[in-house]
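Listed below, chain by chain, are the residues.
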Amino acid sequence: MPAAIVSHGDSPEFEGKVTVYVIICVIISAFGGLMFGYDIGISGGVTSMDDFLIKFFPAVYERKQHALENNYCKYDNQYLQLFTSSLYIAALVASFAASKVCTKFGRKPTMTVASFFFIAGVILTCVSVNIEMVIVGRVLLGCGIGFANQAVPLFLSEIAPAKLRGALNISFQLFVTIGILIANLVNYFTSKIHPHGWRVSLGLAGVPAIILCIGSLAICETPTSLIERKKVEEGRTVLKRIRGVENVDLEFDSIVQASEIARQVTQPFKKLMKPASRPPLVIAILLQVFQQFTGINAIMFYAPVLFQTVGFGSDASLLSSVITGGVNVLSTLVSVYAVDKAGRRFLLLEACVQMFITQTVIGVLLQLHLTATGSLGKAEAMVVVILVCVYVMAFAWSWGPLGWLIPSETFPLETRSAGFACAVSANMLFTFIIAQGFLSMLCTMQAGIFFFFAAWILVMGLFALFLLPETKGVPVDAMVDRVWKQHWFWKRFFTEEEVVAKKNPDVVHPHMT
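Residues numbered from 1 in each chain as written. Predicted model: local features only at pLDDT ≥ 70, side-chain atom pairs only at ≥ 80, totals over all residues. Heavy atoms only, no water.

The protein chain is annotated in an unreviewed UniProt entry as Putative sugar transporter from Tripterygium wilfordii. If you open the UniProt record of the protein chain and go to Subcellular location (unreviewed entry), you find "Membrane". Checking UniProt for the protein chain, the heading Sequence similarities (unreviewed entry) contains the comment "Belongs to the major facilitator superfamily. Sugar transporter (TC 2.A.1.1) family." (UniProt positions renumbered as here; feature names shortened; annotations may be inferred.)

## Quick word on the overall build of the protein chain
Helix and strand content of the protein chain: 25 helices and zero strands. With 513 residues in all, the protein chain has 61% of them scored as buried. Put simply, of all contacts in the protein chain between residues at least 6 apart along the chain, 81% involve residues at least 24 apart. When the accessible area of the protein chain is evaluated, it comes to approximately 18800 Å², of which 68% is carbon and sulfur surface. (Helix = DSSP H or I, 4+ residues; strand = E, 2+ residues; numbered from the N terminus. Buried < 20%, exposed > 50% of the residue type's maximum accessible area, 1.4 Å probe, protein only. Contact = heavy atoms within 4.5 Å. Areas by Shrake-Rupley, 256 points an atom, 1.4 Å probe, with all protein chains shown as cover.)

## Brief notes about the packing of aromatic side chains
With the rule as written, the count across this model stands at 24 aromatic pairs. Arranged with centres 6.0 Å apart and planes meeting at 45°, the rings of Phe96 and Phe269 form a pair that is tilted. Highlighted residues: Phe96 in helix 5 (residues 78-105) and Phe269 in helix 15 (residues 268-271), separated in sequence by 173 residues. For Phe269, a relative accessible area of 24% gives the class partly exposed. (Phe/Tyr/Trp six-rings, centres within 6.5 Å; stacked < 30°, edge-to-face > 60°.)

## Quick word on the side chain of Ser29
Note on placement: Ser29 falls in helix 2 (residues 20-47). Within polar-contact distance, the side chain of Ser29 engages the backbone oxygen of Cys25 at 3.0 Å. Setting aside chain neighbours within four positions, we find Ser29 in contact with Met111, Val152, Phe155, Leu156 and Leu212. (Polar contact = N/O pair within 3.5 Å; in protein donor to acceptor, adjacent residues only side chain to side chain.)

## Re unusual backbone geometry
Cis peptide bonds are those with omega within 30 degrees of zero, and the linkage from His194 to Pro195 qualifies with 0°. One non-glycine residue with positive phi stands out, namely Lys230, at about 70°. For Lys230, the position within the fold is in the loop between helix 12 (223-228) and helix 13 (232-243). Phi at Gln446 is positive, roughly 50°, even though this residue is not glycine. Looking at where Gln446 falls in the secondary structure, it is placed in the loop between helix 22 (413-445) and helix 23 (448-466). Judged by relative accessible area, which is 28%, Gln446 ranks as partly exposed.

## Side note on helix 22
Where helix 22 bends most, the angle comes to about 50°, and this point is Gly437. Of all 33 residues that make up helix 22, 27 are buried, and the element is covered over most of its length. Gln446 lies just past helix 22 and shows a positive phi near 50°. (Bend = angle between axes of the 7 residues up to and from the residue.)

## A short note on a nonpolar patch on the surface
Nonpolar side chains collect at one region of the surface, where Val353, Phe356, Ile357, Val361, Leu458, Leu462, Leu465, Phe466 and Trp488 lie side by side and expose about 860 Å² of accessible area between them. Those elements that provide at least two residues to the nonpolar patch are helix 19 (344-369) and helix 23. Along the chain, Leu462 turns up in helix 23. (Patch = residues over 30% accessible without salt bridge, like charges linked within 9 Å, V, L, I, M, F, W, Y side chains within 5 Å. Salt bridge = Lys/Arg side-chain N within 4 Å of Asp/Glu carboxyl O.)

## Quick look at helix 13
Its twelve residues place the ends of helix 13 16 Å apart at the C-alpha level, agreeing with the 16 Å of an ideal helix rising 1.5 Å per residue. Buried within helix 13 are the following residues: Gly235, Val238, Leu239, Ile242 and Arg243. For helix 13, the arc enclosing every buried residue in end-on projection is 120°, short of the 170-degree limit, so these residues lie on one face. Projecting away from the buried face of helix 13 at angles above 90 degrees are the exposed residues Glu233, Thr237 and Arg241. Elements in contact with the buried residues of helix 13: helix 2, helix 7 (131-159), helix 12 and helix 14 (249-263). Gly244 lies just past helix 13 and shows a positive phi near 75°. (Expected span 1.5 Å × (residues − 1). Arc of directions from axis to C-beta.)

## Concerning the pattern of salt bridges
Under the criterion given, the structure shown has twelve salt bridges. Notably, a salt bridge pairs Glu233 with Arg236, separated by 3.8 Å at the nearest N-O pair. Separated by three residues within a single helix, Glu233 and Arg236 lie in helix 13, roughly one turn from each other. In this structure Arg236 comes out as partly exposed when scored by relative accessible area, which is 21%. Measuring nitrogen to oxygen at the nearest pair gives 3.5 Å for the salt bridge that ties Asp481 to Lys485. Across the pair, Lys485 and Asp481 agree in class, each one buried.

## Concerning the environment of Ser259
In this structure, Ser259 sits in helix 14. Counting along the chain gives 29 residues from Ser259 to Lys230, while the straight-line C-alpha distance between them is 8.7 Å. Discounting residues that sit within four places of it in the chain, Ser259 has contacts with Thr224, Ile227, Glu228 and Leu413.

## Regarding the nonpolar core
Counting residues in each nonpolar core, the largest one holds 132 residues, and the members touching the most others are Phe36, Phe57, Phe118, Met355, Trp399 and Met428. Of all hydrophobic cores here, the second largest spans seven residues; its members include Leu281, Ala284, Ala418 and Ala423. (Core = buried A, V, L, I, M, F, W, Y, C linked by side-chain atoms within 4.5 Å.)

## Structural notes on the side chain of Gln173
With respect to the secondary-structure elements, Gln173 resides in helix 9 (residues 171-190). For Gln173, the contacting residues outside a window of four places in its chain are Thr332, Phe395, Gly400, Pro401 and Trp404.

## Focus on the confidence of the model for the protein chain
Scored by pLDDT, the protein chain has a mean of 83; 86% of the residues are at 70 or more. Averaged pLDDT values for the elements of the protein chain fall to 34 in helix 1 (residues 3-7) and rise to 95 in helix 6 (residues 107-126). Confidence drops under pLDDT 50 across residues 1-11; counting only partners more than four residues distant or on other chains, this segment forms 21 contacts. Taken together, the stretch residues 498-513 has pLDDT below 50 and engages in 19 contacts with residues farther than four places along the chain or on a different chain. (pLDDT = per-residue confidence, 0-100.)

In structure tokens, the structure reads:
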């Protein structure tokens, strides 16, 4: 970016406004998040349906019928967990392929490919007659998630004005929460449809998949991606269109310079291993690890199972998960409002306090009142539901949306797609670990699993307090100079490039202007 802008230490004010076209693009692209959320929410309800268990997991169904079966272990089955987790291991692998497609062909075609995977996966899972077909269908859905989660947050960060980047980017997570809520509502009603209610639940995922497919063909590519792929004038035209003004020279020049630097990097994954790339890479990966070890997906995947474990009946447990889904959506709206006002760090730190308290209290309640073969009293069970809602509330306005926002805005263009691929793959890896291991952990650790997650939340809070810089209002291509080089800890990783620049004054380093 031009030296004059950086030298003053202020964020450049690019001209522009939030146009109707940008809002349409944001909504359409965010349907990738809705698809992700639907797949998160649908699996827990489907795996608690008797018709589904009878067809694919008869041993689990038989175990479930025994009144004296250990509450914590009745759903402990590796194949049942594989139904949920196979989606995420596939997404992990697909995210690296998606990174290449995203860089070479653009964010828009990557979303189109994601929708094709989604549609194929929906069809296969919906018509499955054996567990192998179900798993392959889930793998195809996972590939779609890998492509969508790679492209959509980058698309949103690059199309949004800097001052509203947080709010618009969080639309991805907002649609994730809406997808979870819709899945919970669908499961509540389809659980009464016998014997094929589970097919309806899985098949309705085709609706957002088709919307994403059609919509991804209609929206524009991001100016950054166009300019990066040498479609410079087209990039300028699109930039004028999405900003709603003619004078876009300052922002356009910034993108052009970042793109020129990016084209010099032929091996972005190799560059990620350099010291100067370490701060955003470490932050991005740790955010994904911590996001999963809040325990949120243990709640979202298996909310119906969890509520049955603490004493709710089948219908009541599904209804309880609908309530938590509604809380999730409403609380994400809080983040949309607050993220560009209060900042990223404040939301993360406040949520850590709230989540730590709720997880600890839930663990204490279950430890004291839920025996292996008994159930909670109505009062205690209701308190658990309320505490889960308070916990979901905190996650939804913090680690949920910001886990995707911060990695999408902190990498320089030359490593942006590769770095975000590492973030997506880390998210999917640890989502897979939680999905594959939660029911077994619940069986082994029982109420102690909530203390396990509470301990992680304490670590996360210390991480956010000492190592996470504030990125509110900083243009994407000014992060190195405005954020990383100013941070008390991360600035040490840029010492090497400063020395190189002094020894070779005629060579312009990618992060020196």
